[in-house]
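Each chain is listed here by its residues.
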Amino acid sequence: MTGPRVTKKNKERLTRGAMYALLVAVVVWLASIADVEAIRSNFFSEEVWAKLWPEIITIGAWNTIKYTVIAFAGGLVLALVLALMRMSPVAPYRWIGTAYVEFFRGLPALVVILLMGFGVPLAFQFRWPDVPFLGLRGMATAGVLALILVAAAYMAETLRAGIQAVPKGQAEAARSLGMSAPRTMVTIVLPQAFRVVIPPMTNEFVLLLKDTALLSVIGMQALDRDLTAFGQNGLTTYANSSPLMAIAIVYLLIAVPVTQLVAWMERRQQKAGDPMTDSPTTPAPSGRVPAIDVRGLRKSFGKNEVLKGIDFHVDPGQVVCVIGPSGSGKSTLLRCVNRLEEPNAGQVLVEGIDITDPETDLDAVRSRIGMVFQQFNLFPHMTVLKNLTIAQRGVKKRSKAEAVEVARANLAKVGLADREDAYPTHLSGGQQQRVAIARALSMDPDMMLFDEPTSALDPELVGDVLAVMRDLANEGMTMMVVTHEMGFAREVGDKLVFMDGGVIVEEGLPADVLANPRNERTQSFLSKVL
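Residues numbered from 1 in each chain as written. Predicted model: local features only at pLDDT ≥ 70, side-chain atom pairs only at ≥ 80, totals over all residues. Heavy atoms only, no water.

Visitor: Help me understand helix α4 (residues 55-86), please; the structure alone is not making it clear to me.
Guide: Because an α-helix completes one turn every 3.6 residues, residues spaced three or four positions apart along the sequence face the same direction. Its 32 residues place the ends of α4 44 Å apart at the C-alpha level, agreeing with the 46 Å of an ideal helix rising 1.5 Å per residue. At Ala61, α4 shows its maximal bend, which comes to roughly 25°. (Helix = DSSP H or I, 4+ residues; strand = E, 2+ residues; numbered from the N terminus. Expected span 1.5 Å × (residues − 1). Bend = angle between axes of the 7 residues up to and from the residue.)

This is the structure:
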């Protein structure tokens, strides 16, 4: 007769049981050797606690919370400036931001507090002023300023990581809607970045809460004492550890609710679904201004020249499909048309306006060019409806009612009228791409740019997106489409452009190019994809 089988689950239960038993044994042993009365009188004396009340709350806790909140708010503002400096394309800004962060992260907070409290006033012969609207007096001003300087160095790196964690396509999508760089940063990038950094920022808040304990070294007035100074004074006065235990409890009562609140916010966000040869060319018909006119366009990434003197145009109402192997420069060309990539040479004219001219109001031009990305680039912290209205309100200056009306009309056009309250993460890939099209259409663009709009979709979802694009073409929308969908190019396109090696190898009517390609490189490519 065999005994019961010891399964992996049973082993885990036995292990947990043994650990609990060991913990209970340790507690029982400590209780047996402890002098309970001595512990109570030295750490939990009701008499001493009564003498601390209510000043431990009205002075100690209040000042601690006040110093922490002011230091956190000030540090956050300074940290944001430092983070942006660290990411700036202007080298001196990067150097200054990096030097600041490295300097203050390398110094102990206590040293900075002493320098601000005593060193700076001695060096410059002044006394720290009161700041009445913040409730700071004298040395308290110095102490809080020191905490701001130190906290900003750490928070800047956290914020920088959060901003860099936001996919580049989010900013590109916003800029393609005509939103300015500052508006993009404030409304699109930073909200997503802050959501990423909530947990580490909570840690920074708790660390600041504890660092207020260091302020006692610069000797503040009785009414400005923080919890630690209050506890130290009680320890000296009563020769008893109960004041220290009391402030420990108050610290926990402040810190634990903060961490629990943040945990609740994270759970709520997750529940809500929230959450990178001369080219042949056909001349434009005389008397018409091309919708898009590219002249001698060159673009390099380092030593790699991706576009090698591109010349081509798209007429109003025309659908131009651009095909070619990966790495041929198709997407780079499209992104240069909207100047999401900066050309190294040449011109791009949109409806006669040279967008490569530094004097051109690029945001105004972009507001007339709709762009749909391969990875959708919907704003994950906003509902579908908010995705469609934010640029209308900020760029077009439409009223909320008008923006909502336009958004709903375009959602109906792409077959998603019932999903306006959904978040992007609750939609399929095909639905997200149709929302992206509706978002672009809500800006009333004169033309649309599509960067491989179906390549990230499952095959069964491609048809719905292509159907929407066909409808747009039938309505006379000017479209430039980078695509691998040869059927769509043949049926819908007015002109087909084949690129390879950074040049336009061949172009013409889609039926002609696909059925009878003239160039050997075109023939080789089509033989592999048709």
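Visitor: Before we go on, may I ask you to explain the UniProt feature "transmembrane region" (unreviewed entry) in the protein in this structure?
Guide: Following the UniProt record, one finds the feature "transmembrane region" (unreviewed entry) at residues 62-85, 106-124, 136-156 and 243-264. Within residues 62-85, the helical portion is 100% and the strand portion 0%, while the C-alpha atoms at the span's ends are 35 Å from each other. (UniProt positions renumbered as here; feature names shortened; annotations may be inferred.)

Visitor: Before we go on, may I ask you to explain the packing of helix α7 (residues 139-165) against helix α9 (residues 181-211) in this structure?
Guide: Relative placement of two packed helices is described by the angle separating their axes and the distance separating the axes. Between α7 and α9, the least distance of the axes is 8 Å, while the angle of their chain directions is 155°. In terms of axis orientation, α7 runs roughly antiparallel to α9. The handedness of the crossing between α7 and α9 comes out as right-handed. Along its contact with α7, which presents Leu147, Ala151, Tyr154, Met155, Thr158, Leu159, Gly162, Ile163 and Ala165, the element α9 presents Val189, Leu190, Ala193, Phe194, Val196, Val197, Pro200, Met201, Glu204, Leu208 and Asp211. Taken together, the residues of the contact of α7 with α9 sort by class into 16 nonpolar, two polar and two charged. (Axes fitted to C-alpha atoms, helices over the stretch in contact; angles between N-to-C directions. Parallel < 35°, antiparallel > 145°, perpendicular 65-115°, else oblique. Left-handed = near helix turned anticlockwise from the far one by under 90°. Contact = heavy atoms within 4.5 Å. Nonpolar A, V, L, I, M, F, W, Y, C, P; charged D, E, K, R; others polar.)

Visitor: Got a minute to help me understand the domain arrangement of the protein in this structure?
Guide: How big an interface is tends to be expressed through the accessible area that disappears when the partners come together. Entries for the protein in the domain assignment read domain 1 (43-268) and domain 2 (292-527). Each of domain 1 and domain 2 was reduced to a C-alpha centroid, and the two centroids are 46 Å apart. When domain 1 packs against domain 2, the two sides together hide about 1700 Å² of surface, and 58% of this comes from carbon and sulfur. When the buried surface of domain 1 facing domain 2 is broken down by residue, Glu172, Ser176 and Leu177 rank first, second and third, together holding 34% of it. Our count for the domain 1 to domain 2 interface comes out at two salt bridges. Between Glu172 and Arg335 there is a salt bridge, and its shortest N-O distance comes to 2.3 Å. Inspection of the region where domain 1 meets domain 2 yields five residue pairs in polar contact (both at pLDDT 80 or more). Of all the elements in the fold, those that place two or more residues in the side of domain 1 that touches domain 2 are α8 (168-176) and α9. No other element matches the eight residues that α8 contributes to the side of domain 1 that touches domain 2. (Domains from an automatic or database assignment. Buried area = accessible area lost by both parts, 1.4 Å probe. Salt bridge = Lys/Arg side-chain N within 4 Å of Asp/Glu carboxyl O. Polar contact = N/O pair within 3.5 Å; in protein donor to acceptor, adjacent residues only side chain to side chain.)

Visitor: Which parts of the structure should I look at to understand the sheet that holds strand β4 (residues 345-350)?
Guide: Pairing between the strands of a sheet comes from backbone hydrogen bonds, and it takes one of two forms, parallel or antiparallel. The strand order β2-β1-β4-β5 describes an open sheet built from four strands, whose pairing is antiparallel. Pairing within the sheet leaves two strands with one partner each, and these edge strands are β2 (304-314) and β5 (353-354). In this sheet, β5 lies alongside β4 in antiparallel orientation, the contact comprising two bridges. Bridge pairing links Val350 to Ile353 in β5. Contacts from helix α12 (residues 330-337) reach β1 (292-301), β2 and β4, with the element oriented near 120° to β1. (Pairing = 2+ DSSP bridges.)

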